[in-house]
Amino acid sequence: MQHPRFRSGDLTTGFIAEEYPEGFEGAPASEEWLRQLAGLFAGAEFTQQVRARRISGQLNGTDNPPSHWTVKIDGQSFDVMLEEGGGTVDGQRFNGTWDWEVGETFAHVTGDNEMVVQIDRIGVRWRMTTRGASHEALVLPARLAEHESRMIEKQPPDLSKMLICPMPGMLMKLHVSEGEEVQPGQPLATVEAMKMENILRAEKEGVIAKINAAEGESLAVDAVILELE
């Protein structure tokens, strides 16, 4: 609805295909827009930490959370200083307030740009959705942000060559043997769980390198049934 053509009423049934030939993924995020979001992300983290500091009996006391933050959005880093009624992002002033409280799903923002944003907490990150697009951010106190780059990022194991049991159950049948070539969609194993038989199929072409379970064996969730070369 922010698109000038939409607002002017110059519409046809081909609007999406003509204006977004690669598919609609939300309104494009300009540098100014990302700075606005950076301020909101910092505000969300500040609000949550204020609430956390209301818990009594904390060993470190109940000092106010910092006002100086580093916000990392979509590979970009923003320097945010929060102040009463707004703040600065990379030295540029923004004005805005909102009615958001920790645990609420939506926030109404007023100020330089009036909007409604959906807010979610995902692990240590925040996600905000507005104008049809979602953005994730990591918000750190500015004095700690320089150390974040030195943190070792744990790489997830490569499970693409493994058949993983998706739920606790019993291995009823193995449809393949070691050394056998398999094609995408071919049945590899049948697991019975909750009185239902679940057929697990190959996701790609390969050769069975090793079978780790036997028919009739009880399997835990994420157990490796077999491996492909």
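It should be emphasised that the depicted structure is a prediction, and the values quoted were computed from it without experimental measurement. (Residues numbered from 1 in each chain as written. Predicted model: local features only at pLDDT ≥ 70, side-chain atom pairs only at ≥ 80, totals over all residues. Heavy atoms only, no water.)

1. Some details on the overall build of the protein
Phase 1: What the protein contains, in helices and strands, is four helices and 16 strands.
Phase 2: For the protein, the C-alpha radius of gyration of 25 Å lies well beyond 17 Å, the compact-globule estimate for 229 residues.
Phase 3: Principal-axis analysis of the C-alpha atoms gives the protein an extent of 65 × 60 × 35 Å.
Phase 4: Looking at the protein alone, contacts between residues at least 24 apart form 47% of all its contacts between residues at least 6 apart. (Helix = DSSP H or I, 4+ residues; strand = E, 2+ residues; numbered from the N terminus. Rg over C-alpha atoms; globule rule 2.2 N^0.38 Å. Contact = heavy atoms within 4.5 Å.)

2. Structural notes on the nonpolar core
Phase 1: Counting residues in each nonpolar core, the largest one holds 26 residues, and the members touching the most others are Phe41, Val71, Ile73 and Val80.
Phase 2: Among all residues touching phenylalanine 41, those that are not within four sequence positions of it are Val71, Ile73, Trp126, Arg127, Met128, His135, Glu136, Ala137 and Val139.
Phase 3: In this structure, Leu163, Leu188, Ala213 and Ile225 belong to the second largest nonpolar core, which totals 17 residues. (Core = buried A, V, L, I, M, F, W, Y, C linked by side-chain atoms within 4.5 Å. Buried < 20%, exposed > 50% of the residue type's maximum accessible area, 1.4 Å probe, protein only.)

3. Looking at the sheet that holds strand β13 (residues 196-201)
Phase 1: Sheet architecture is open: four strands sit in the order β13-β12-β10-β15, paired in antiparallel fashion. Only two strands of the sheet have a single neighbouring strand rather than two, namely β13 and β15 (218-219).
Phase 2: In the sheet, strand β10 (residues 169-174) pairs with strand β12 (residues 187-193) via four bridges, with the strands oriented antiparallel. If you follow leucine 171 over to β12, its bridge partner there is valine 191. (Pairing = 2+ DSSP bridges.)

4. Some thoughts on the pattern of salt bridges
Phase 1: All chains considered together, the criterion is met by six salt bridges.
Phase 2: For arginine 5, the salt bridge goes to glutamate 19, with nearest N and O atoms at 2.8 Å. Separated by 14 residues along the polypeptide, arginine 5 in helix α1 (residues 4-8) and glutamate 19 in helix α2 (residues 15-19) bring together distant segments of the chain.
Phase 3: Overall, arginine 5 belongs to the buried group, its relative accessible area being 14%.
Phase 4: Glutamate 19 gets classed as partly exposed once you look at its relative accessible area, which sits at 30%.
Phase 5: Between arginine 127 and aspartate 120 there is a salt bridge, with the nearest N and O atoms lying 3.9 Å from each other.
Phase 6: Classification of arginine 127 as partly exposed rests on a relative accessible area of 30%.
Phase 7: Through salt bridges with shared partners, a single ionic network connects Arg5, Asp10, Glu18 and Glu19. (Salt bridge = Lys/Arg side-chain N within 4 Å of Asp/Glu carboxyl O.)

5. Details of the packing of aromatic side chains
Phase 1: Scanning all chains against the criterion turns up four aromatic pairs.
Phase 2: Their ring planes at 50° and their centres at 5.5 Å tell us that tryptophan 98 and tryptophan 100 sit as a pair that is tilted.
Phase 3: Judged by relative accessible area, tryptophan 100 falls into the buried class, the value being 5%.
Phase 4: Members of the aromatic cluster, each reached through a chain of ring pairs, are Phe6, Phe15 and Tyr20.
Phase 5: The ring of tryptophan 33 is capped by arginine 131, whose NZ or CZ atom sits 3.9 Å from the centre of that ring. (Phe/Tyr/Trp six-rings, centres within 6.5 Å; stacked < 30°, edge-to-face > 60°. Lys NZ or Arg CZ within 6 Å of the ring centre and 35° of its normal.)

6. A closer look at the environment of glutamine 118
Phase 1: By secondary structure assignment, the location of glutamine 118 is in strand β6 (residues 115-122).
Phase 2: Owing to a relative accessible area of 28%, glutamine 118 belongs among the partly exposed residues under this scheme.
Phase 3: For glutamine 118, the residues in contact, after removing those within four places along its chain, are Thr105, Phe106, Arg127, Met128 and Thr129.
Phase 4: A polar atom in the side chain of glutamine 118 sits 3.5 Å from the side chain of aspartate 120. (Polar contact = N/O pair within 3.5 Å; in protein donor to acceptor, adjacent residues only side chain to side chain.)

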